[in-house]
Amino acid sequence: MSEVRPPLEDPRLDYPATQRNREAILAVLREVLPAQGTVLELASGSGQHVAFFASALPQLRWQPSDHDPSVFASIAAWTADLDNVAAPLQIDATSPTWPLGPDLACDAVICANMIHISPWAACLGLLDGVSGCLREAGPLCLYGPFMRGGVHTAPSNEAFDHSLRSRDPSWGVRDLDVVEQAAAQRGLVLDRVFEMPANNLTVVLRRTKR
Ligand SMILES: C[S@@+](CC[C@H](N)C(=O)[O-])C[C@H]1O[C@@H](n2cnc3c(N)ncnc32)[C@H](O)[C@@H]1O
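For the structure given in this document, a descriptive report is provided here. (Residues numbered from 1 in each chain as written. Predicted model: local features only at pLDDT ≥ 70, side-chain atom pairs only at ≥ 80, totals over all residues. Heavy atoms only, no water.)

### Overview of the site of the ligand
Note the threshold: Nearness of a residue to a molecule or strand requires only that one of the residue's heavy atoms be within 4 Å of it. Pairing of N or O atoms within 3.5 Å defines a polar contact, subject to two protein rules: one partner must be a possible hydrogen donor and the other a possible acceptor, and residues neighboring in sequence count only if both atoms are side-chain atoms. Areas reported here follow the Shrake-Rupley algorithm with a probe of radius 1.4 Å; residue values treat only the protein chains shown as occluding. Think of a 1 Å grid over just the protein atoms. A cavity is a set of points where a 1.4 Å probe fits yet cannot get out, a pocket is an open set with protein on both sides within 12 Å along at least five of seven lines, and lining residues have an atom within 4 Å of a point. Being in a pocket or cavity means that more than half of the molecule's atoms lie within 2 Å of its grid points. Under the scheme applied here, ten amino acids are nonpolar (Ala, Val, Leu, Ile, Met, Phe, Trp, Tyr, Cys and Pro), four are charged (Asp, Glu, Lys and Arg), and all others, including Gly, are polar.
If you check the shell around the ligand, you find 18 residues, and the closest are Thr18, Ala43, Asp66, Ala93 and Ala112. Between the ligand and Ala43 there is a distance of 2.7 Å, counted from a nitrogen atom to a backbone nitrogen or oxygen. In the model, a nitrogen atom of the ligand is placed 3.0 Å from a nitrogen or oxygen of the Asp92 side chain. Considered on its own, the ligand offers 600 Å² of accessible surface; in the complex 86% of this is hidden by protein. More than half of the atoms belonging to the ligand lie within 2 Å of the grid points that define the largest pocket. Taken together, the residues of the shell around the ligand sort by class into 8 nonpolar, 7 polar and 3 charged.

### A look at the side chain of His152
Rule in force here: A run of H or I in DSSP counts as a helix once it spans at least four residues, and a run of E counts as a strand once it spans at least two, with each numbered from the N terminus. Residue contacts follow a heavy-atom distance rule, with two residues in contact if any of their heavy atoms lie within 4.5 Å.
The topology assignment puts His152 in the loop between strand E7 (146-147) and helix H5 (155-167). In terms of polar contacts, His152 uses its side chain to reach the side chain of Asp161, at 3.1 Å. Non-local contacts of His152, meaning those with residues more than four positions away in its chain, are made with Met147, Asn157, Glu158, Asp161 and Val173.

### Describing the packing of helix H1 (residues 16-32) against helix H2 (residues 48-56)
Keep this limit in mind: To define axes, lines are fitted to C-alpha atoms, for helices over the stretch in contact only, and angles between the resulting N-to-C directions are given on a 0 to 180 degree scale. Angle categories are assigned with fixed cut-offs, so that under 35 degrees is roughly parallel, over 145 is roughly antiparallel, 65 to 115 is roughly perpendicular, and the rest are oblique. With the far helix as reference, a near helix turned anticlockwise by less than a right angle produces a left-handed crossing, and one turned clockwise produces a right-handed crossing.
For the pair H1 and H2, the least separation of the axes is 10 Å and the interaxial angle reads 40 degrees. Regarding the angle of H1 to H2, the classification is oblique. Between H1 and H2 lies a crossing of right-handed hand. Residues Thr18, Gln19, Asn21, Arg22, Glu23, Ile25, Leu26, Leu29 and Arg30 of H1 pack against Gln48, His49, Phe52, Phe53 and Ala56 of H2.

Next comes the structure, spelled out in structure tokens:
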């Protein structure tokens, strides 16, 4: 008698926004990432971004991560066919030490949609950690909504900011000037700002000489 197996549950999470913004982010990454090396992704979430970027840029090695291990099965499933993507690491941006080991100096770091959906300490922790692991001149790419000069750039971002703060008062859309200042204090200087669809930005900072 043939065996009847129950259908296996698909572990892949689907974040619709990620599918909408991935082409625009990839266009920026093509401009700013180095030709070769290791790209660390912080706050990988579902893993859809790293799967898409690693497939489009196969000459780079990709290291996904998140502070929440419950998303690791999704990241692993989305990237299962890609031999240039490592298994996800548990990295909490607020942790003073990141489990990268001495061998994993990064040539670039990317982080989408995290610094406004977490306390300000996560942004500062991210900048601290990146300043320690990013090679000189390497880019840190931050994607998401930002205020500029203390002002929202669109009513939709202002409404989003209110909804974030009502969910958790420590969350909220960050001001690019404040992020830039905190980054500069950690040896990361603002290089370029890309206007993105839906009133988002991709902000590129670069590691200065230590
Ligand atoms: C809105 S999701 C974005 C996921 C993905 N980057 C994207 O754009 O589709 C925010 C992610 O940030 C992660 N996150 C929140 N706080 C974090 C922290 N302190 N360190 C690392 N990741 C964090 C969450 O677990 C979640 O996966």
